[in-house]
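Coordinate inspection notes
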Amino acid sequence: MTLATESERPDSGGSGRGRWRGRRRREGDERRGGAASTGVLDQGAWFLVLPALLPILVLSVGPLLYGISLAFTDSQSGRTEPTEWIGLLNFQDLVHDTLFWDSFRIGLLWAVGVTVPQFVLALGLALLLSQDLRFRWLARSLAIIPWAMPEVVVGIMWRLVYNPDAGILNETLRDLGFGDGRDWLTGIGTALPAVIVVGVWAGMPQTTVALLAGLQNVPRELHEAAEMDGAGAWRRFRTVTWPALRPIALAITALNFIWNFNSFALVYVLTNGGPGGRTRLPMLFAYEEAFRYGQFGYAAAMGCVMVALISVLLAVYLVGRLRGGDQR
């Protein structure tokens, strides 16, 4: 007859210690196995993300870093001498460049002038398209047509609309008895407003789609409950719809401001910065410095300054909006 060991005796104090040791060993093995499997998963996740990261690193981060380094050099086109490091000289010249700051002011006017009406009109259109209307599917399809058109095509089309001799706008004004019309894109006082109208028309669909998607997530029961409590349309919008749309509105407004400030193709096709620089946006000004005058280092310094200033403005805007949302 063999004697049972201490850990196998059911009534002994060693039995509890043995079971405790076995449980600790199993838990340690599970932890080590879980850590090993987590490491394997992390490595696998990196391999899965790598194909998406490589184009970003090659096409976005790499050129950005190269552009920043270029801003501290005297790089020029057609130059036979090697490029030299000049430190902050380009930025010092940029501080005193009144043409650049004029273009920056025009860029801010353009960005705000396009973003604000764009959002207001898109919100109204999204509210309309969210109603149970006949042929709503057709209206939604037609609303995104400007978004599907390339900016160059949009610019050419609106140049025909603004044509002083045979444009549909001047023809309509003549038929209504408002004079012989005018040349909208070459007038000192009309060029920038005319371009802003095109920017609003071209960019409104993407804002409409974003807001319309947000409206679909507002529970209908909340509207029905507010209506039963006697709330009118405006009060239902202010207390039910707008709180649900506020995060989407904040995000799409910030993105629209960035996209509009960085606009290039639309204004380039419509006015090429004229007349007299009245529509010369900062990106167009930097393009001319780089590819018309060959000042690559100076143009890169412009890009760095624009990125820094717009980042500061956006940070102030987002912090203010978020604090306002917390207070409400």
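Note that the structure is predicted; figures quoted are calculated from it, not measured. (Residues numbered from 1 in each chain as written. Predicted model: local features only at pLDDT ≥ 70, side-chain atom pairs only at ≥ 80, totals over all residues. Heavy atoms only, no water.)

Once that is clear, we can look at the overall build of the protein chain. Looking only at helices and strands, one finds 13 helices and zero strands in the protein chain. Secondary structure elements of the protein chain occur, N-terminal to C-terminal, as α-α-α-α-α-α-α-α-α-α-α-α-α. Sequence-distant contacts, at least 24 apart, represent 65% of the contacts inside the protein chain between residues at least 6 apart. When the accessible area of the protein chain is evaluated, it comes to approximately 20600 Å², of which 64% is carbon and sulfur surface. (Helix = DSSP H or I, 4+ residues; strand = E, 2+ residues; numbered from the N terminus. Contact = heavy atoms within 4.5 Å. Areas by Shrake-Rupley, 256 points an atom, 1.4 Å probe, with all protein chains shown as cover.)

Structurally, the position occupied by Asn 256 is in helix 10 (residues 233–261). According to the relative accessible area criterion, Asn 256 is buried, its value standing at 1%. Setting aside residues up to four positions removed in sequence, Asn 256 forms contacts with Thr 115, Gln 118, Gln 206 and Thr 207. (Buried < 20%, exposed > 50% of the residue type's maximum accessible area, 1.4 Å probe, protein only.)

Right, let's talk about the confidence of the model for the protein chain for a bit. Low pLDDT marks stretches whose predicted atomic positions should not be read closely. Overall, the prediction assigns the protein chain a mean pLDDT of 81, with 85% of residues at 70 or greater. Low pLDDT, under 50, characterises residues 34–38; the predicted model gives this stretch zero contacts beyond four residues in sequence or across chains. (pLDDT = per-residue confidence, 0-100.)

Each turn of an α-helix holds 3.6 residues, which means side chains three or four residues apart point in the same direction. Taking 1.5 Å per residue, 29 residues should reach 42 Å; helix 10 reaches only 35 Å between its end C-alpha atoms and comes up short. If you look at helix 10, its biggest bend is around 55 degrees, right at Trp 242, and the proline Pro 243 turns up within four residues after that. (Expected span 1.5 Å × (residues − 1). Bend = angle between axes of the 7 residues up to and from the residue.)

With that settled, the discussion passes to the nonpolar core. Counting residues in hydrophobic clusters, the biggest one holds 22 residues, and the most contacted among them are Trp 110, Trp 158, Tyr 162, Val 198 and Leu 270. Elements supplying a minimum of two residues to this core: helix 3 (98–129), helix 6 (151–161), helix 8 (191–216) and helix 11 (265–270). Tallying contributions element by element places helix 8 first for this core, with seven residues. Aside from chain neighbours lying at most four places away, what touches Tyr 162 is Leu 169, Asp 183, Trp 184, Leu 185, Ala 194, Val 197 and Val 198. (Core = buried A, V, L, I, M, F, W, Y, C linked by side-chain atoms within 4.5 Å.)

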